[in-house]
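# Overview (structure and organization)
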Protein chains: 2
Amino acid sequence: MAKNLTPLVVVAVALVDAQGHVLMQQRPEGTMHAGLWEFPGGKVDPGESAEQAAVREMEEELAVGLDSSSLVPVGFASGLLGEGGGGASGRRALVLLLYATRAWEGTPVSQEGGQAQWYAPQGLGELAMPPLDYPLADALKIWLNHDSSEEYADRC
Amino acid sequence: MAKNLTPLVVVAVALVDAQGHVLMQQRPEGTMHAGLWEFPGGKVDPGESAEQAAVREMEEELAVGLDSSSLVPVGFASGLLGEGGGGASGRRALVLLLYATRAWEGTPVSQEGGQAQWYAPQGLGELAMPPLDYPLADALKIWLNHDSSEEYADRC
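An account of the accompanying structure is given in this report. All values reported here derive from a predicted model rather than from experimental measurement.

Moving on: the overall build of chain A. Counting its secondary structure elements, chain A contains two helices and seven strands. Counting helices and strands in the order they occur from the N terminus, chain A gives β-β-β-β-α-β-β-β-α. A total of 156 residues make up chain A; the buried ones form 48% of that total. Of the contacts made within chain A by residues no fewer than 6 positions apart, 70% connect residues no fewer than 24 positions apart. Total accessible area on chain A stands at roughly 7,500 Å², and carbon and sulfur atoms take up 49% of it.

Next up, the structure:
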């Protein structure tokens, strides 16, 4: 039934503050994965680029302004839509892209009923997250390590 | 005209051999980006998952057999279809996903007219590649570094 659909592409953004903490958002009641913590974001609409979708979603979900040129692709996860784990065939493919940024305008405030909170990257693995957010959190940790090792390379 | 299309999702695979070399494929004459070197792959067909597409493309392009469970998401790049650099609006969004694997069956032989060749990761940046393959090569280098530092963590 969903066999002829192309993959659904969802973008998420890790806002990384000056202390290296990351903003996670709790899914509101009444939604799929309610109560779980995720990287904020949403699906790419037809006619949009992935970066445009990321900028729009941050404005809609957290009321922050982003410049798309500040977005760094960090990693992705893929699965099937609505999948908790096993691999049912015939479902629509889902691709979740994670960007990171250290630059935005405004103070992020959750606009859609869930709460938003800052976490140290090391603590992300202990949060209850939707399945595809775990590999994204791992990718973010690798990227943050690499990013800070580049920044501090002279000091070692 | 292309405004109402959802993003085109293309998957690519870095086959990494025991020496840590990576297989790159040269685009055949008469295709877009002819002569440039890229990570082998192709687009995700409707009804397919990204991993299924990666397995199918490696079979079709290089006649190697992959197990989708061996595929590790490494990074992604996004742009507009047919874009060389600037940002024309109204074009279709393109998302290019890179997986890596160290396990496959068979010897990769290019099936579609281009040649395939192994390169050390440090040499990838010097190859002439389509624009979106450069950030993928960077992501691969970060991943290979991380992967080998995990593997050799005890020795340091």
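Further notes follow.
All names here are of chain B. Along the chain, Y119 turns up in strand 7 (residues 116-119). Y119 sits 30 residues away from S149 along the chain, and the two C-alpha atoms are 20 Å apart. Among the polar contacts made by the side chain of Y119, one reaches the side chain of Q117 at a distance of 3.5 Å.

Residue and element names in this part refer to chain A. Read across the open sheet, the three strands follow the order 3-2-7; overall the sheet is antiparallel. Of all the strands in the sheet, just strand 3 (37-38) and strand 7 (116-119) have a single pairing partner and so form its edges. Sheet topology places strand 2 (residues 22-26) next to strand 7; four bridges connect them, and they run antiparallel. By the bridge assignment for strand 7, L23 is matched with W118.

This brings us to the interface of chain B and chain A. Every contact between the two is made by 26 residues of chain B and, on the other side, 26 residues of chain A. In this assembly, chain B packs against chain A so that about 2,200 Å² is buried in total across both faces, 69% of it on carbon and sulfur atoms. Where chain B meets chain A, there are zero salt bridges. Elements that contribute at least two residues to the side of chain B that touches chain A include exactly helix 1 (50-62), strand 5 (72-80), strand 6 (93-101) and helix 2 (133-151) of chain B. Element by element, the count of residues in the side of chain B that touches chain A is highest for strand 5 of chain B, at six residues. Of the residues in the side of chain B that touches chain A, the class split is 16 nonpolar, seven polar and three charged.

Grouped together as the largest cluster of nonpolar side chains are 36 residues, with contacts concentrated most on V11(A), L97(A), V11(B) and L97(B). Once residues within four sequence positions are removed from consideration, L97(A) is found in contact with V9(A), V10(A), V11(A), A12(A), A50(A), G75(A), F76(A), F76(B), V95(B) and L97(B).

Turning next to the environment of K141(A). All names here are of chain A. Locating K141 in the fold gives a position in helix 2 (residues 133-151). In this structure, the C-alpha to C-alpha distance between K141 and L124, residues 17 residues apart in sequence, is 9.2 Å. If we ignore the near neighbours within four places in the chain, the residues touching K141 are P121 and G125.

A separate point is the sheet that holds strand 6 (residues 93-101) of chain A. Residues and elements named next belong to chain A. One open sheet holds the four strands; their spatial order is 4-1-6-5, and the pairing between them is mixed. In this open sheet, the two edge strands, each paired with only one partner strand, are strand 4 (41-43) and strand 5 (72-80). When the angles between neighbouring strand axes are averaged without regard to direction, this sheet yields 20 degrees. Here strand 5 pairs with strand 6 via eight bridges, running antiparallel. The residue of strand 6 that forms the bridge with S78 is V95. Sitting on the sheet, helix 1 (residues 50-62) is in contact with strand 1 (8-15), strand 4 and strand 6, with an inclination near 125 degrees to strand 4.

What follows covers the relation of the copies chain B and chain A. Between the two copies, chain B and chain A, the superposition gives an RMSD of 0.0 Å; the rotation angle is 180 degrees and the shift along the axis is 0.0 Å. A rotation of that kind, with that shift, is consistent with a two-fold axis. When C-alpha distances to the rotation axis are compared across chain B, the minimum falls at G75(B), with a value of 2.3 Å. Comparing contact sets, 100% of the residues at the interface of chain B also lie at the interface in chain A, consistent with an isologous, same-surface contact.

Right, let's talk about the side chain of S110(A) for a bit. Residue and element names in this part refer to chain A. Looking at where S110 falls in the secondary structure, it is placed in the loop between strand 6 and strand 7. Taking the relative accessible area as the measure of exposure, S110 reaches 18% and is therefore buried. Within polar-contact distance, the side chain of S110 engages the side chain of Q25 at 2.8 Å. There is a polar contact of 2.9 Å between the side chain of S110 and the backbone oxygen of G114. Filtering out sequence-adjacent residues up to four positions away, S110 remains in contact with Q25, E61, L62, Q115 and A116.

This brings us to unusual backbone geometry. The residue A63(A) is not glycine, and still its phi comes out positive at about 55 degrees. Considering the arrangement of structural elements, one finds A63(A) in the loop between helix 1 and strand 5. Residue H33(B) is not a glycine yet carries a positive backbone phi of 60 degrees.

Thresholds applied
Residues numbered from 1 in each chain as written. Chains lettered and ligands numbered in written order. Predicted model: local features only at pLDDT ≥ 70, side-chain atom pairs only at ≥ 80, totals over all residues. Heavy atoms only, no water. Helix = DSSP H or I, 4+ residues; strand = E, 2+ residues; numbered from the N terminus. Buried < 20%, exposed > 50% of the residue type's maximum accessible area, 1.4 Å probe, protein only. Contact = heavy atoms within 4.5 Å. Areas by Shrake-Rupley, 256 points an atom, 1.4 Å probe, with all protein chains shown as cover. Polar contact = N/O pair within 3.5 Å; in protein donor to acceptor, adjacent residues only side chain to side chain. Pairing = 2+ DSSP bridges. Buried area = accessible area lost by both parts, 1.4 Å probe. Salt bridge = Lys/Arg side-chain N within 4 Å of Asp/Glu carboxyl O. Nonpolar A, V, L, I, M, F, W, Y, C, P; charged D, E, K, R; others polar. Core = buried A, V, L, I, M, F, W, Y, C linked by side-chain atoms within 4.5 Å. Axes fitted to C-alpha atoms, helices over the stretch in contact; angles between N-to-C directions. Least-squares fit on C-alpha atoms with pLDDT ≥ 70 in both.

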